[in-house]
Every structure is written in structure tokens, then in C-alpha cells.
Amino acid sequence: MTRTFDPRRCHPVDWLLLLTVLLVPLGCSFSASSKSLSDSSASSSKSSSDSSASSSASSSPGDSAYYDDVRSTTEAYAKSGGPFDAYQKKLGDLAKDRGVTNWEENLGTYAAIGEGLGQAKASRGLVDTFKNRLAPPGSANSPDKQSAIQKGYDSKK
């Protein structure tokens, strides 16, 4: 019997491990990435039990795993760094894997991103970078998206 890789069967920790492995060759120290993975895993477990009102208000019960994945992926990225384009692609992949369509217009996604930044204890400057990269001024619904990121961040810092 041949087993094939099915990305839908991977747990958030598996994705974080993959992200860590991909970032190590880019200059991240292995020990810092391992610590980030460990911290992200612990806070992911905690965050799965305390979703914020902002993300749950715009989601269905089946979306909570998606928001947990967004939070933990954002936290890991904020702690270890890496190419922002790779992070955005990862968000798209998470949405696809969880059956979330048009994640770019889902305000719950932006709230979960802010929560991940708060869990990572990201600086205001990094939060502003995320807001400007993911919801550039002048883009569709930019003020709402930036506000959702900020509210998510404020709820977890």
C-alpha cells in the first residue's frame, strides 16, 4: 500500500516545523528557530482555547483551526523572520488547506495575524510593517484590515 503526502492531515506543529526547516538555510540560527517552534507550539495550544471575539465574530466553528494556524504561523514568523512573500504564501496555503476562500478579505484572518504578533511580543514597528504590507493605505478595506490587526495585537500583548 503506497502512502502519499496529504497536507490536510498535517497538524499546525508540522507546518511550523516545515517553516523552521525552510528558514534555517536563510541564516536563522537553528537554536533560535527551535526555541521559536517550541514557544509557538506552547502558545498555539493556549490560543486554541481562547480565541478572541474579533476573529470568532466573523467565523464559523469550522474556521477556528484556520485562525489557530494563522496565529501560530504569524507568531513563528515574527520571532524568526524570513521573506515576507513566503509568509504571505503560507497564509494562502493555510486558507486553501482549511477551505477558507478569499482570505485577503476575511477580517478574522487579520485579527488572528494581530494576535500572533501579540503572542510573539512583536514591536510596534513590526506590527506597523505587517499592517502596511498586508493592508497598504489606499487598498480595499485597508482601514478595517489594519484595525483588525491592531485589535488582535492589543488583545494578546
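The structure under discussion appears in the preceding block.
Thresholds applied
Residues numbered from 1 in each chain as written. Predicted model: local features only at pLDDT ≥ 70, side-chain atom pairs only at ≥ 80, totals over all residues. Heavy atoms only, no water. Axes fitted to C-alpha atoms, helices over the stretch in contact; angles between N-to-C directions. Helix = DSSP H or I, 4+ residues; strand = E, 2+ residues; numbered from the N terminus. Parallel < 35°, antiparallel > 145°, perpendicular 65-115°, else oblique. Left-handed = near helix turned anticlockwise from the far one by under 90°. Contact = heavy atoms within 4.5 Å. Nonpolar A, V, L, I, M, F, W, Y, C, P; charged D, E, K, R; others polar. Buried < 20%, exposed > 50% of the residue type's maximum accessible area, 1.4 Å probe, protein only. Polar contact = N/O pair within 3.5 Å; in protein donor to acceptor, adjacent residues only side chain to side chain. Salt bridge = Lys/Arg side-chain N within 4 Å of Asp/Glu carboxyl O. Expected span 1.5 Å × (residues − 1). Phe/Tyr/Trp six-rings, centres within 6.5 Å; stacked < 30°, edge-to-face > 60°. Core = buried A, V, L, I, M, F, W, Y, C linked by side-chain atoms within 4.5 Å.

(A) Summary view of the packing of helix H4 (residues 64–80) against helix H6 (residues 107–119). At their nearest, the axes of H4 and H6 sit 7 Å apart, and the two run at 45° to each other. In this view, H4 runs oblique relative to H6, as classed from their interaxial angle. Pair H4 / H6 crosses with right-handed handedness. Counting all contacts with H4, which are made through Tyr-66, Tyr-67, Val-70, Arg-71, Thr-74, Glu-75, Ala-78 and Lys-79, the residues of H6 involved are Gly-108, Thr-109, Ala-112, Ile-113, Glu-115, Gly-116, Leu-117 and Gln-119. Residue composition of the contact of H4 with H6, grouped by class: seven nonpolar, five polar and four charged.

(B) Representation of the side chain of Thr-109 within the structure. Mapped onto the elements, Thr-109 comes out in helix H6. A residue is classified by how much of its surface remains accessible, and Thr-109, at 0% relative accessible area, is buried. Within polar-contact distance, the side chain of Thr-109 engages the side chain of Tyr-66 at 2.8 Å. In contact with Thr-109, not counting residues within four places along its chain, are Tyr-66, Tyr-67, Val-70 and Trp-103.

(C) Focus on the pattern of salt bridges. If you walk through the whole model with that rule in mind, you get nine salt bridges. The residue Asp-68 makes a salt bridge to Arg-71 at a minimum N-O spacing of 2.4 Å. With Asp-68 and Arg-71 both in helix H4 and three residues apart, the pair spans about one turn of that helix. Owing to a relative accessible area of 10%, Asp-68 belongs among the buried residues under this scheme. For Arg-71, a relative accessible area of 0% gives the class buried. The salt bridge involving Arg-98 is made with Asp-69; its shortest N-O contact spans 2.9 Å. With Arg-98 in helix H5 (residues 84–98) and Asp-69 in helix H4, this pair connects stretches of sequence that are 29 residues apart. For Asp-69, a relative accessible area of 4% translates into the label buried.

(D) Broad picture of H4. Here H4 spans 24 Å end to end across 17 residues, near enough to the 24 Å set by a 1.5 Å rise per residue. Of all 17 residues in H4, twelve are buried, a share of seventy percent or more. Considered for burial, the residues of H4 that qualify are Tyr-66, Tyr-67, Asp-68, Asp-69, Val-70, Arg-71, Ser-72, Thr-73, Thr-74, Glu-75, Ala-76 and Tyr-77. Directly after H4, the chain includes Gly-81, whose backbone phi takes a positive value near 80°.

(E) Geometry of the packing of aromatic side chains. Evaluation of the coordinates by the stated rule reveals seven aromatic pairs. Ring centres of Phe-84 and Phe-130 lie 5.2 Å apart, and the angle between their planes is 75°; this geometry places the pair in the edge-to-face category. You can see Phe-84 sitting in helix H5 and its partner Phe-130 sitting in helix H7 (residues 124–134), a full 46 residues away along the chain. Taken together, the aromatic side chains of Tyr-77, Phe-84, Tyr-87 and Phe-130 make up a single cluster linked through ring pairs.

(F) Layout of the nonpolar core. If you look at the biggest cluster of nonpolar residues, it comprises 23 residues, and the most contacted ones within it are Tyr-66, Tyr-87, Ile-113, Leu-117, Phe-130 and Leu-134. Of all the secondary structure elements, the ones that give two or more residues to this core are H4, H5, H6, H7 and helix H8 (142–156). Dropping the residues within four chain positions of it, Tyr-66 is found in contact with Leu-94, Ala-95, Arg-98, Val-100, Trp-103 and Thr-109.

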